[in-house]
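Structural features, examined
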Amino acid sequence: MAVAIAALSFTSCDKNSNTDFDIPSYEEKFAEAHLKVNEVTADGYTVQLFADEELFVGYNRLYFLVKENATGELIKDFSVKVTPMMDMGMMMHTSPNEVPSNPDNDMMVIQQNMVFIMPSTAGTWNLEGELTLNEGDTPIAFDIPVSVVEKTDSRMLTFMSDADSVTKLFLILDEPLIPVVGENEIVFGIYKRESMMSFPAVEDYSIEFEPEMPTMGHGSPNNVNPTYMDNGLYTGVVNFTMTGYWRINVVLKDASRNVVKEGISFDVNF
Ligand SMILES: [Cu+2]
């Protein structure tokens, strides 16, 4: 800030100065609000990958900006689609991922949300991508290697369905990302493994949850069980009556109200 003010006072009486001396570019502003994860060059373009934080096992929001190398300018109205792929040596598999879109109709950015189901300690994650500059063009292929960590308080649980004993399921906790005392939006996501190359969202389950403070022996009132939104995400309300260590106990049921899993929980510390 001090630099910006100095620059302003220096140039304010110079009639020839242009006004862009310290106005951050779109790219700079975006980079300030996000973490740049990686970037790769493909066919004269640079694909930049940003996220809200270091990529982790759970539900991640990924953002793509694309620059034309010849001009150094960001391009707009492009499309990017990536497929997350993990190479585990003996086998490869993908991961649940959503259809990309422009966040808030911002044509400079493509957002694609996805769930990384394992940390990079178990293998190598790569985003296999296609960049399309104009509709109908042949897509430009690119690969972005990424690193995925496991959070201390895990944001994903994986288990077999107790209802049929064969369906492998993935339950994620998305919100609250930054819990506060009082009512928080709580967002869960459910996905299943259809094959190593297909992990679709589960849209017809129900989720019941109960927060408790295990070390203090109490829960909280006014929690609201989630209802289905879209993309496998279910939204409700969790009430944290104080800061500290909370355990969120979850019961999953299928469309016929059979218990799919119980006795599972997420830990939240704040
Ligand atoms: Cu894996």
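Structure report, in brief. (Residues numbered from 1 in each chain as written. Predicted model: local features only at pLDDT ≥ 70, side-chain atom pairs only at ≥ 80, totals over all residues. Heavy atoms only, no water.)

Take the coordination of the copper ion next. Coordination of the copper ion by the protein comes from M86 (SD), M88 (SD), H93 (NE2) and M118 (SD), over a distance range of 2.0 to 2.4 Å. Around the copper ion, the 4 donor atoms are arranged such that angles at the metal cover 97 to 129°; this shape is classified as tetrahedral. Each donor residue of the copper ion belongs to the same chain, and together they define the spacing M-x1-M-x4-H-x24-M. Taking the relative accessible area as the measure of exposure, M88 reaches 27% and is therefore partly exposed. (Donors = N, O, S within 2.8 Å, 3.2 Å for Na, K, Ca; no water. Tetrahedral: all angles 85-135°; square planar, octahedral: opposite > 155°, others 65-115°. Buried < 20%, exposed > 50% of the residue type's maximum accessible area, 1.4 Å probe, protein only.)

In this section: the sheet that holds strand β6 (residues 92–93). Here we have 4 strands laid out as an open sheet, ordered β6-β5-β8-β9, and antiparallel in their pairing. The two strands at the open ends of the sheet, each matched to only one other strand, are β6 and β9 (140–146). Examined bridge by bridge, strand β8 (residues 124–132) and β9 share 7 bridges and lie antiparallel to one another. Counted as the bridge partner of E128 is D143 from β9. (Pairing = 2+ DSSP bridges. Helix = DSSP H or I, 4+ residues; strand = E, 2+ residues; numbered from the N terminus.)

On to the nonpolar core, then. Among the nonpolar cores identified, the biggest contains 38 residues, and F64, V80, F116, L127, L131, F142 and I144 are the most heavily contacted of them. Apart from the residues within four sequence positions on either side, F64 is in contact with V47, Q48, L49, F78, V80, V82, M108, V109, I110, Q112, L127 and I144. Listed in part, the 24 residues of the second largest apolar core include L171, F240, I248 and F266. (Core = buried A, V, L, I, M, F, W, Y, C linked by side-chain atoms within 4.5 Å. Contact = heavy atoms within 4.5 Å.)

Let us now look at the pairing of strand β1 (residues 35–42). A regular strand places its side chains so that they alternate between the two faces of the sheet. Note that β1 and strand β2 (residues 45–51) share 7 bridges and pair antiparallel. The partner of T41 across the bridge, within β2, is T46. The turn joining β1 and β2, which pair antiparallel and follow one another in sequence, is formed by 2 residues; a positive phi near 55° is taken by D43.

Turning next to the side chain of R61. Inspection of the secondary structure puts R61 in strand β3 (residues 58–68). Overall, R61 belongs to the buried group, its relative accessible area being 18%. In terms of polar contacts, R61 uses its side chain to reach the side chain of D174, at 2.7 Å. When near neighbours in sequence (up to four residues on either side) are disregarded, R61 contacts F50, A51, D52, Q111, Q112, N113, D174, E175 and L177. (Polar contact = N/O pair within 3.5 Å; in protein donor to acceptor, adjacent residues only side chain to side chain.)

Should the charged atoms of two oppositely charged side chains come close, the side chains can pair. According to the stated counting rule, one finds 8 salt bridges in the structure shown. For the salt bridge of K67 with E27, the shortest nitrogen-to-oxygen distance reads 3.1 Å. Placement of the pair is K67 in strand β3 and E27 in helix α2 (residues 26–33), with a sequence separation of 40 residues. The partner of K261 in a salt bridge is D162, with the nearest N and O atoms 3.7 Å apart. With a gap of 99 residues between them, K261 in strand β18 (residues 259–269) and D162 in the loop between β10 (156–160) and β11 (168–173) connect regions that are remote in the sequence. Residue classification places K261 among the buried residues on the basis of a relative accessible area of 18%. Here the salt bridges share partners, and the residues they tie into one network are E208, K253 and R257. (Salt bridge = Lys/Arg side-chain N within 4 Å of Asp/Glu carboxyl O.)

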